[in-house]
Structures are given as C-alpha cells and as structure tokens.
Amino acid sequence: MLKAIKTMYLFATDWDNQSLAFFKKNREAITPTQWAALDKGTVGFEGSIFKGKPDWKALMARPAPSLTPEEQSFLDNETEELCSMIDDWKVREELKDLEPRVWDYLKTKGFFGLVISKDYGGKGFSAQGHAAIVSKIASRCATAGATSMVPNSLGPGELLAHYGTDEQKNHYLPRLANGRDIPCFALTSPQAGSDATNQADEGTVFKGDDNKLYIRMNWDKRYTTLAPVATVIGVAFNLKDPDNLLGGGEDRGITLALVPANTPGVDNKHRHRPPYPFMNGPHWGRDVIVPVDAIIGGEKQAGNGWNMLVDCLSIGRAISLPAGASGLAKYALRVTTAYAAVRKQFNSRLADMGGIQEQIGKMAALTYSLDAARMGPLQDMDLDETHSTRPAVSSAILKYHTTEASRVIADAAVEIHGGKGVVEGPENPVSHLRHTIPVSTTVEGANIMTRNLMIFGQGVFVGHPYVLKEMKTVETGDAKEAGRLFRLHLKHAFTNAARGLFHGVTAGYLTSTPEQGPGAPFQRQINRMSAQFATLAEVSMALLGPKLVREERISARHGDILSHLYLASLTLRRFNYEGSQKDDIPLMQRAVQHHLYEAEHAMEELIRNHPSILVRGLRRIFHPVSWTDKPRDYLDKKITETICQPSATRDRLTAGLFMPTAQSEYMTRLEKALNIVAEAAPHEATLARAQKKGLLKKDVAFVDMVEEAADLNIINADARDLLHRAQAARDDIIKVNHFPMEWAGPAMTPGNSGPANDSTRHEIPQQYPRPYNP
C-alpha cells in the first residue's frame, strides 16, 4: 500500500519523467531480438479491435479481392496445366517425389519466380495472385504445393529483393526466376528450433592470401525444404570477426549468406521422410569458404540477419500456409459433400443424417471463414503502394487458425468417408489429407508457440494504439512525449472500460453498425467484445507488466479472443463483398457464431484463470453477461442441404479448386455421380412413395425395384435409365482400393500387381523405384 501511495505521489509531482521511467522499466524486459520483431510489424483491421472500436466503415469499403488479367490467365492456363500433369498417388506412393517433367514445367513456366520482379525475369505477381496459384496447386498435390511455396516465400528470392546488392540481384534473381537455380533457406539447427536466435552455426571472417576478405563457415542444419535439390543455399549463422576486419566488432551476430551448393565442404544430398514426400532434408557445411560478398546485402548487412528475417517472415506466413490450408479445405469439402450425397446407408443418404450434417456444417463454416480471413493481409499488402506493409499480427492469426482449421476439416472428411477415408489408394480420396497437417502446423513458427507467444505477445505492441510509441520514447529520451502518450493511454483505457461495461450489460445493441442486414447483429456483438477485450488487455498489462510474456496461457487466451473477433469480422466482410447472397446466410451465420462463441469462451477462461485476484474477483465488471451461444443445429442442416447438391453456394465455397476433367480421375467421376444422383432424386422419391403404399415389393435389390416400377408404369423409360445410371455411379464411387498380400507398398518387387479396386487391377511399371534409404 505504501509503495502504491509513493508511486502515485511521484507521478503527481513529476508526471513526464515518471512516465518515461515506467516505460524504461518495461522496455528493459524486452530482448533485442524480441524488439526487432516488434519494431517491424504493421497492423490492419486487427488494430481497430485492439482499440476497442472495430473500424467497420474502412473494412467494408475495401474493394472485393481480385486478380489482374495476367494473374487470372496464369491461374487458368499454366497452373491448370501443371495440376493436370500431376498424379498425386504416384507422387506419394511410387516416386516419393514429383515427376521430372513436373519439375521442368515448374522451372520453365516461372512458378519459382511468382514474386520476383519482372525486371529480373519474374512474374511480379501480387500477394493475391501468388496465394491463388499456391492454393490451387495445393488442392491437387501437397508435394507440389510445398515445392512451389518455398521459392516464393521466406528465402533467397524474398531476401534478395528487399536487401540484396545490385550485383547479387542481377546474378541470382534471373536464375531463380527461370529455375536455373533452385533455392532453399536454412534457419533450423539442432540447437535452434523454435528458438531460432539460438544459432550455434558460425562463420569466421579472415583475410585470404589474395588480401581479400572471406568467411569460413561451419553449420549443421535440418528440416530445410528443397535442400536435397537446391543449387543455392541461404544460411543463417553467427558471424565472428576476431580481427575486426569488417570494423563492427568481434561478435557481429546473426548473418545471412548465399552459398552455392557445389561449394567444397557442402553436403546437402540427404532427405528427411516427412508424412508426405516433399524435398526436405538436413545439410552440413564443413570449413566452407565463401567471400564476404556472399552476405545477403553485402558487408553492411553483417549482423543484421535477424532483422531481415523478421521483416520478411510475416509476408510468407500470411500467404503460403493459409493458401495451402485453403486448398486442402476446399478439396476436402468438395469431395466429402459429393460423397455424402451419393453414399447411402440405412436406406438414406449420408447427407440426410444429423451427425453427418454436424460435420459438414463445421467443415463448410471453417472453409468459408478461412478463405475470407486470408484475404485481409493479402489486400493489406496489395493495396499498400509503398510496399511497407508487414502484417505481423494478422499473419500469426492466419498461420495458427488456418492450419488448425485444416486439421479439423481433414479429420471430419476422413470420418464421413468411414473406412474409405482410412485406407490408402488412388480411389480413396481423403486418407492422405491428415499426412499434410503436422508439417503445416509446425513450420514457420510451431502452432503452440504462435498461439501462446506471438499473436497477443506481438499484437499488444504492434496493434495497441500507444504501447509501441511509448516504448520508443525510451530510445529518444523524450519525457514530455512519454507523459503525453501515457495520458492518452489512460484516457483510452478508462473509456474502453466504461464502454465494455455498458455494452456488456446491453448486449451491444446500442452500438452503431455501418449497415443493416443479416450481419448487423453480429457486428454489434463484435463491437461489445472488442471493448471488453481491449479492457482486459489493458488490465493484464498494468497488473502483470513484463511478466505477461511468461504467462503463456494468459497470453494465448488474449490471442484467442483477438483472433476469433478478427476471423468473424473478415467473414462478415466476405458475405458483404459477395453480394450478401440469400443462400449463403446460413453459412455466414454458422461461421460467425462459431467464432463469437469461441471468443466469448476464451474471455470467460481468461478471467477465470487470470493470475490476478482483482480480475477474478471483479469478473462481472469485466464481462457482465455472456450473450453468445454455439451455432444452432438447423444451420448445419440448411448448409448441408445446399452444398450436397450442385449449387452456386457450393461453387463459391470451393472456387479456385483444381477440378480434373479426365474420366479416369476419381474426382471427375464423383462430380458426375453427384449430378446424376441429384437428377435422379425425384424419381427415387417416387419409388419410395410407391413402396410405402405397397405398390412395390420391399427387401428387393434396387435394380429389381426399378424394373418393377417401370413394368407397372410408376416411372417411364427415361426415369428407369436414369435410376440405373445413378446406381451404377454409386457403385463406382464407393469402391475401395485393395492390394495383394505380397504388395507392401513402394518396396514391392517389379512385376507384382499393384493397387486394385473392386473391379480393376493395375499393373505396376517395371521402373517402380525402391523407397529412399537414408
């Protein structure tokens, strides 16, 4: 108590200096590497949630997402052709790699240079264009998706574009754009996993006999995508300069360099075996000698590697992983809804069963909001003419929630398919989906770390209207500015507290929304919860101070609230820019209700588990009433009825998905079966009514019942033929691949018969390779 009184007295008598001292104390708890991450990020709509007042006007005024004619052409032609070339079963089970012709196509058609400027021979595509291409490829083949992601994400190309010297750009970028060089980037090592700054790999500056400066590098890296086939390797390492030859001290810190893979001492011809087969492996450097000019950006960027990585990381995280998750989700939803409409059990379609409707409703809602939310940071980047946007917070939200959503969607798809979803085979469409999830949830910041440390931990500085500015006054020593900011901060905090309490009691009904319609009630709830979230964030910062970073689960729940409010808001925006389609209302409601319920639940859990007794004791002050419920069952039923048949909503949900056309493709036949079964549905209803009236025999085969109905003129000849075609399509779709006992997967001997379904057996080519043995 005495300490509190003393603090109040000091602030009362010397507000400005005490404010600066207070900020300095909190700034000292932030490490240099943490500060680098905080100082690089920018915010979009999520910043207004931190303010407690979502900026609906600005959000809804944004143009609808769109591609340039050149990007659309590339998506419709080159990307379509690429996807048509890929046999995913062959990639996964035979080659454990892409076919050579696919590699050649990726290189020669510019898939590795999507984001490289046209000045250097690249495509120069926007973030939206880049994401659309990656998503379509990923919907066809996860291996191809990962292969196309890496050169266009965090790696040599992105780093060179932002930091490279003119000489480096002129040499490498054209070679990367046309595939002459295949890049990889190595950050992770045995000691440096999620703690990427804990680099044990080193490079030492020395002067050669020719009087030029070189670096002797030694590294031990792992989990590097494309490393086994890379021709140029980006390496993060600690740079040592014992003789101070560069003039910046002996220990320069994390530095990034480009090393040709054929440099003596480099060993990169090894592979890991991730759940699905893409080129990923360890590599080592033993006394590798490169010129100092190999540092990305030259000598002036020595020791600046961490800042460079943080600057570029959020760009890739906002594009590649959400795009891949979207491709998986759309594919899973498309095949699962068709299968649920075609497959019958207990004389009913799967799609008519309540338990299946629950899963399909969940899949559809997550796919809808996932695709809506990822457009936020993409447009943040594309609409910024200065190209300075670094969506740190929204990219972390998307990285975590899109990959977690894809996990839920994949699991639901497998469960609905039952046994067909469990066993592997080219005619079994979803079992492999689960294999891709562990990779996406682990790379570029493991999901556990992203949720517990990054979303709120970074957002509270970058997204808050005052905190980062306050911390920067410590660098300038401007006490007057510190005092001014602190006054504004306190005013902001008390205003939000009052608004949060008032809106909490009134359920947000008195808050303003830019328009009326189906989304307006949800906007009011988001307004209410944003004010409550902002208040809880202020209280946690005030009571816990620097310790908030170590209270990981408290930070995670703050992040959950922020994330779900952001996802709900972007979902409402999608409904708006797609024309507020009447048939999409249940889908929008199901998606938004899910996110609002999760946000409210996280708020309750945050208060209940808060380390401060003040927060727990004043629970009903911070969160007076809970106003949200889980989505209602009838929404799942409506959604399932709409998308388990050919419909505009179904097509909008899965737009951008690769749709094969070859009759040999399972998905082609599945879509055809859906159309036939939908056309035959009224005639099947006629048979059911006739059977109920006793006009047709019960407990007879379907084909016999159809013939009997035709003989009795219950149906005409066209209906009879249609019903037979529908049954034949069903029989084809429900077949499951099986294998002879001697077939043990990729290790089988040439000449053995390969995968078969209930009617067809395929011969395996003689060149079928043995598995990779590390």
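In the block above lies the structure referred to throughout.
*Asks:* Help me out: how do you make sense of the pattern of salt bridges in this one?
*Replies:* Any two side chains of opposite charge can pair, on the condition that their charged atoms come close. With the rule as written, the count across this model stands at 34 salt bridges. Two residues, K90 and E99, come together in a salt bridge whose shortest N-O distance is 3.6 Å. Residue classification places K90 among the partly exposed residues on the basis of a relative accessible area of 24%. The class for E99 is buried, based on a relative accessible area of 15%. The structure contains a network of salt bridges with shared partners spanning R334, R650, D651 and E671.

*Asks:* Looking at this structure, how should I read the side chain of N238?
*Replies:* Relative to the assigned elements, N238 resides in strand 4 (residues 232–240). Contacts of N238, omitting those with residues within four sequence positions, involve Q199, D201, E202, G203, G253 and I254.

*Asks:* How should empty space enclosed by the protein be read in this particular structure?
*Replies:* Gaps between atoms show up when a probe of the same size as a water molecule is rolled over them. Counting across every chain of the model gives 1 cavity of 30 Å³ or more. One number sums up the size of the largest cavity: a volume of about 30 Å³. What lines the largest cavity is simply D583, P586, L587, K638, I639, T642 and T649. Elements with a contribution of two residues or more to the lining of the largest cavity: helix 24 (585–609) and helix 27 (633–643). When residues in the lining of the largest cavity are grouped by element, the largest group, 3 residues, is from helix 27. The residue inventory of the lining of the largest cavity, partitioned by class, reads 3 nonpolar, 2 polar and 2 charged.

*Asks:* Can you help me understand unusual backbone geometry in this one?
*Replies:* When glycine is set aside, most residues are seen to have a negative phi, and most peptide bonds are trans. In this structure, K96 is a non-glycine residue whose phi angle is positive, near 55°. By secondary structure assignment, the location of K96 is in the loop between helix 7 (88–95) and helix 8 (100–108). Despite not being glycine, N244 shows a phi value in the positive range, around 55°. Here N244 falls in the partly exposed class, since its relative accessible area comes to 37%.

*Asks:* How should the pairing of strand 3 (residues 213–225) be read in this particular structure?
*Replies:* On any regular strand, side chains alternate: one points to one face of the sheet, the next to the other face. Where strand 2 (residues 202–207) and strand 3 come together, 6 bridges link them in antiparallel fashion. By the bridge assignment, E202 is partnered in strand 3 with N218.

*Asks:* Could you clarify how one ought to interpret the state of the cysteines in this entry?
*Replies:* By definition, a disulfide links the sulfur atoms of two cysteines through a covalent bond. As enumerated under the stated definition, the model contains 0 disulfides in all. Distance from the sulfur of C83, which forms no disulfide, to the nearest cysteine sulfur (C141) is 8.9 Å. By relative accessible area, C83 is classed as buried at 0%.

*Asks:* It is not clear to me how the side chain of Q128 should be interpreted in this structure. Could you clarify?
*Replies:* With respect to the helices and strands, the residue Q128 is situated in helix 9 (residues 127–140). Owing to a relative accessible area of 9%, Q128 belongs among the buried residues under this scheme. Within the structure, Q128 has its side chain in polar contact with the backbone nitrogen of S66 (distance 3.1 Å). Within polar-contact distance, the side chain of Q128 engages the side chain of D382 at 3.0 Å. With near-sequence residues (within four places) excluded, Q128 lies in contact with P65, S66, L67, L378, Q379 and D382.

*Asks:* What's the story with a nonpolar patch on the surface in this structure? I'm lost.
*Replies:* Residues L501, V505, L543, I613, L614, L618 and I621 make up a contiguous nonpolar surface patch of roughly 600 Å² in combined accessible area. Only helix 21 (479–506) and helix 25 (613–617) provide two or more residues apiece to the nonpolar patch. Tracing the backbone shows I621 in helix 26 (residues 619–622). The exposure class assigned to I621 is partly exposed, which follows from its relative accessible area of 46%.

*Asks:* Even after reading the chapter, I still don't get the packing of helix 22 (residues 520–544) against helix 23 (residues 552–577), so can you show me in this structure?
*Replies:* When two helices pack together, their arrangement is given by the angle between the helix axes and by the axis-to-axis distance. Where helix 22 contacts helix 23, the axes come no closer than 10 Å and their chain directions differ by 155°. With respect to their mutual orientation, helix 22 and helix 23 come out roughly antiparallel. Between helix 22 and helix 23 lies a crossing whose hand is left-handed. Along the contact surface, helix 22 presents F522, Q523, I526, M529, S530, F533, L536, A537 and S540, while helix 23 presents H558, I561, L562, L565, A568, S569 and L572. Its residues assigned to classes, the contact of helix 22 with helix 23 shows 11 nonpolar, 5 polar and no charged.

The rules we used
- Residues numbered from 1 in each chain as written.
- Predicted model: local features only at pLDDT ≥ 70, side-chain atom pairs only at ≥ 80, totals over all residues.
- Heavy atoms only, no water.
- Salt bridge = Lys/Arg side-chain N within 4 Å of Asp/Glu carboxyl O.
- Buried < 20%, exposed > 50% of the residue type's maximum accessible area, 1.4 Å probe, protein only.
- Helix = DSSP H or I, 4+ residues; strand = E, 2+ residues; numbered from the N terminus.
- Contact = heavy atoms within 4.5 Å.
- 1 Å grid on protein atoms, 1.4 Å probe; cavity = no way out; pocket = protein on both sides within 12 Å on 5 of 7 lines; lining within 4 Å.
- Points joined across faces, edges and corners; volume = space filled by probe spheres on them.
- Nonpolar A, V, L, I, M, F, W, Y, C, P; charged D, E, K, R; others polar.
- Pairing = 2+ DSSP bridges.
- Disulfide = S-S within 2.5 Å.
- Polar contact = N/O pair within 3.5 Å; in protein donor to acceptor, adjacent residues only side chain to side chain.
- Patch = residues over 30% accessible without salt bridge, like charges linked within 9 Å, V, L, I, M, F, W, Y side chains within 5 Å.
- Areas by Shrake-Rupley, 256 points an atom, 1.4 Å probe, with all protein chains shown as cover.
- Axes fitted to C-alpha atoms, helices over the stretch in contact; angles between N-to-C directions.
- Parallel < 35°, antiparallel > 145°, perpendicular 65-115°, else oblique.
- Left-handed = near helix turned anticlockwise from the far one by under 90°.

On their own, these measurements won't tell you what the molecule is for.
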